[in-house]
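Examining the three-dimensional arrangement
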Amino acid sequence: MKIISTALELKEQIKKQKKIVGFVPTMGALHDGHLSLIQKAREECELVVVSIFVNPTQFLAGEDLEKYPSRDEADKKICELAGVDIIFLPQKEEIYGEDELLIHAPNVRGFVLEGATRPGHFNGVLTVVNKLFNIVNPDFAYFGKKDAQQLNLITLMVKQLFMNVVIVPIDTVRESDGLALSSRNVYLTKEQRREALKISASLYHASKMVSQNRVECESIKEEMREILKPLEIGYVEILNRDFELIEEIELGNSIVLVEALVGTTRLLDNIWL
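This write-up is about the structure you can find in this document. Nothing here was measured: the structure is a model prediction, and the numbers come from that model. (Residues numbered from 1 in each chain as written. Predicted model: local features only at pLDDT ≥ 70, side-chain atom pairs only at ≥ 80, totals over all residues. Heavy atoms only, no water.)

A look at the overall build of the protein chain
Here is the rule we go by: Numbered from the N terminus, helices here are DSSP runs of H or I no shorter than four residues, and strands are runs of E no shorter than two. Within these notes, the globule rule equals 2.2 Å times the number of residues to the 0.38 power, and the radius of gyration is based on C-alpha atoms. Each residue is assigned to one of three classes by its accessible area relative to the maximum for its type, calculated with a 1.4 Å probe on protein chains only: buried under 20%, partly exposed between the two thresholds, exposed over 50%. Should any heavy atoms of two residues lie within 4.5 Å, those residues are considered in contact.
A tally of helices and strands in the protein chain yields nine helices and nine strands. Over its C-alpha trace the protein chain gives a radius of gyration of 19 Å, about what one expects of a compact globule, namely 19 Å for 273 residues. Along the three orthogonal principal directions, the C-alpha set of the protein chain runs to about 55 × 40 × 40 Å. Split into buried and exposed, the 273 residues of the protein chain put 51% on the buried side. Considering only contacts in the protein chain between residues 6 or more positions apart, those separated by 24 or more positions represent 70%.

Considering the packing of helix 8 (residues 190-211) against helix 9 (residues 217-228)
Pairs of packed helices are described in terms of their axes, by the angle between the two and the distance that separates them. Operational definition: Axes here refer to lines fitted to C-alpha atoms; in helices the fit is confined to the stretch in contact. Angles between the N-to-C directions go from 0 to 180 degrees. Oblique is the label for any angle not covered by the other classes, which are roughly parallel (under 35 degrees), roughly antiparallel (over 145) and roughly perpendicular (65 to 115). Crossings are assigned a handedness: left-handed for a near helix turned anticlockwise from the far helix by less than a right angle, right-handed for a clockwise turn. Put simply, Ala, Val, Leu, Ile, Met, Phe, Trp, Tyr, Cys and Pro go in the nonpolar bin, Asp, Glu, Lys and Arg in the charged bin, and everything else, Gly too, in the polar bin.
Two numbers describe how helix 8 lies on helix 9: the axes approach to 9 Å, and their chain directions differ by 150°. Between helix 8 and helix 9, the angle falls in the class roughly antiparallel. Taken as a pair, helix 8 and helix 9 cross one another with a handedness that is right-handed. Contact with helix 8, carried on its side by K198, I199, A201, S202, L203, H205, A206, M209 and V210, involves S219, I220, E223, M224, I227 and L228 of helix 9 and no other residues of that element. Tallied by class, residues from the contact of helix 8 with helix 9 come to 10 nonpolar, three polar and two charged.

Quick look at the sheet that holds strand 8 (residues 254-262)
Short version of the rule: Between any two strands, at least two bridges found by DSSP are needed for them to pair.
The sheet built from three strands is open, its strands ordered 7-8-9 with antiparallel pairing. Where the open sheet ends on each side, the last strands, each with one partner, are strand 7 (232-240) and strand 9 (265-272). Going from strand to strand, the sheet's axes swing by 10° on average, the running direction of each strand aside. Across eight bridges, strand 8 lies against strand 9 in antiparallel orientation. Paired with V262 across the two strands is T265, which belongs to strand 9.

Quick look at the side chain of Q58
In plain terms, the rule: Two N or O atoms count as a polar contact when they lie within 3.5 Å, although within protein this holds only if one can serve as hydrogen donor and the other as acceptor, and sequence-adjacent residues are included solely when both atoms are side-chain atoms.
With respect to the element layout, Q58 can be found in the loop between strand 3 (47-52) and helix 3 (72-81). Overall, Q58 belongs to the buried group, its relative accessible area being 10%. At a separation of 3.0 Å, a polar atom in the side chain of Q58 contacts the side chain of N55. If sequence neighbours within four positions are ignored, Q58 has contacts with M27, E63, R118, H121, G124, V125 and V128.

Focus: the sheet that holds strand 5 (residues 140-144)
Read from one edge of the open sheet, six strands run 1-4-3-2-5-6, paired in parallel fashion. At either margin of the open sheet sits one strand with a lone partner, and together these are strand 1 (2-4) and strand 6 (166-170). Ignoring strand direction, the axes of neighbouring strands in this sheet form an average angle of 25°. Both strand 2 (residues 21-26) and strand 3 contribute to a ladder of six bridges, which runs parallel. Residue pairing across strands places G22 opposite V48, the latter belonging to strand 3. Contacts from helix 1 (residues 7-17) reach strand 1, strand 2, strand 3 and strand 4 (86-88) within the one sheet, and its direction differs from that of strand 4 by about 155°. Here helix 6 (residues 121-136) sits on the sheet in contact with strand 2, strand 3, strand 4, strand 5 and strand 6, set at roughly 150° to strand 2.

Let's talk about the nonpolar core
Rules: Among buried residues, the Ala, Val, Leu, Ile, Met, Phe, Trp, Tyr and Cys ones that are joined through side-chain atoms within 4.5 Å form a nonpolar core.
Grouped together as the largest cluster of nonpolar side chains are 34 residues, with contacts concentrated most on L10, I14, V129, F133, F143, I154 and I167. Among the secondary structure elements, those contributing two or more residues to this core are helix 1, strand 2, strand 3, strand 4, helix 6, strand 5 and helix 7 (148-160). Ranked by the residues each element gives to this core, the list is headed by helix 6, at nine residues. Excluding anything up to four places from it in sequence, I154 contacts V125, L126, V129, F133, F143 and I167. If you look at the next biggest cluster of nonpolar residues, it comprises 25 residues, including L203, M224, L267 and I271.

Points about the pattern of salt bridges
Here is the rule: Salt bridges are defined by distance alone: a side-chain nitrogen of Lys or Arg within 4 Å of a carboxyl oxygen of Asp or Glu.
Following the criterion strictly, the structure yields 20 salt bridges and no others. For D64, the salt bridge identified is with R184, shortest N-O distance 3.0 Å. Taken together, the positions of D64 in the loop between strand 3 and helix 3 and R184 in the loop between strand 6 and helix 8 put the pair 120 residues apart, joining distant regions of the chain. Taking relative accessible area as the criterion, R184 reaches 14% and is therefore assigned buried.

A closer look at unusual backbone geometry
Residue P230 follows K229 across a cis peptide bond; omega there is 5°. Its location among the elements puts P230 in the loop between helix 9 and strand 7. One non-glycine residue, K18, lies in positive phi territory at about 50°. Look at A29: it is not a glycine, yet its phi comes out positive at around 50°. Its location among the elements puts A29 in the loop between strand 2 and helix 2 (32-44).

Now the structure itself:
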């Protein structure tokens with residue numbers, strides 16, 4: 001396994017190998033959710049590249065950029081054991097310069113839900129993913145469904161900018177009690193972790209309602225909010241997979257999404273129906 005820190009060296013290394021490239025962009029603090037992406041890339045591709053870069057442009061003022069969990073040595077070992085071929089581990093100065101050109105997220109889809117509570121966040125996400133795609137030039141790129149809005153916007157960017165990469169969505173990985181894996185879970189106390197289970201419980205309840213043919217979105221959201229109490233809710237929303245509002249669940253084309261604050265930790269989760 002090679003560890004590379006410059007874009008030029010990485011581009012040369014990949015070009016020289018002439019293999020089908022699978023790419024997993026991460027911000028480090030790897031867990032089993034990331035591992036599922038890496039394993040899928042390993043199954044499907046000849047060369048697997050994982051980037052570890054805590055992207056400053058997707059953090060707003062006052063957010064947790066400075067304390068975002070960093071475990072570089074553990075991450076390297078996880079990647080090595082998973083069969084990663086190359087880790088791209090750049091410094092901020094390698095990715096960003098002066099007077100930067102930024103990609104602007106769509107005015108509607110990029111500024112609703114998480115984009116409404118974190119305006120400008122997706123500008124930073126799309127900018128760094130675009131940069132990483134240009135460096136790695138992957139055939140396939142792997143993203144988790146847990147960050148559904150991010151996945152939707154990256155897929156849209158690839159389509160609208162005519163990028164030659166296939167986006168592969170991967171199902172959310174959960175703890176045995178249902179909590180969706182997230183690098184931010186390390187912030188939770190034992191009591192907060194118990195409270196966080198209300199998020200997945202609300203989603204399971206939504207799924208149960210749909211299985212009973214109760215598909216009216218407002219009633220589903222109302223019951224979910226009751227389950228989430230007393231958590232501070234960022235949003236509870238139900239959309240189709242183009243991120244458009246719907247009045248009733250469309251099986252095979254719906255996503256139920258939750259953002260809630262547990263203590264001071266913002267957690268996202270969703271379920272695809």
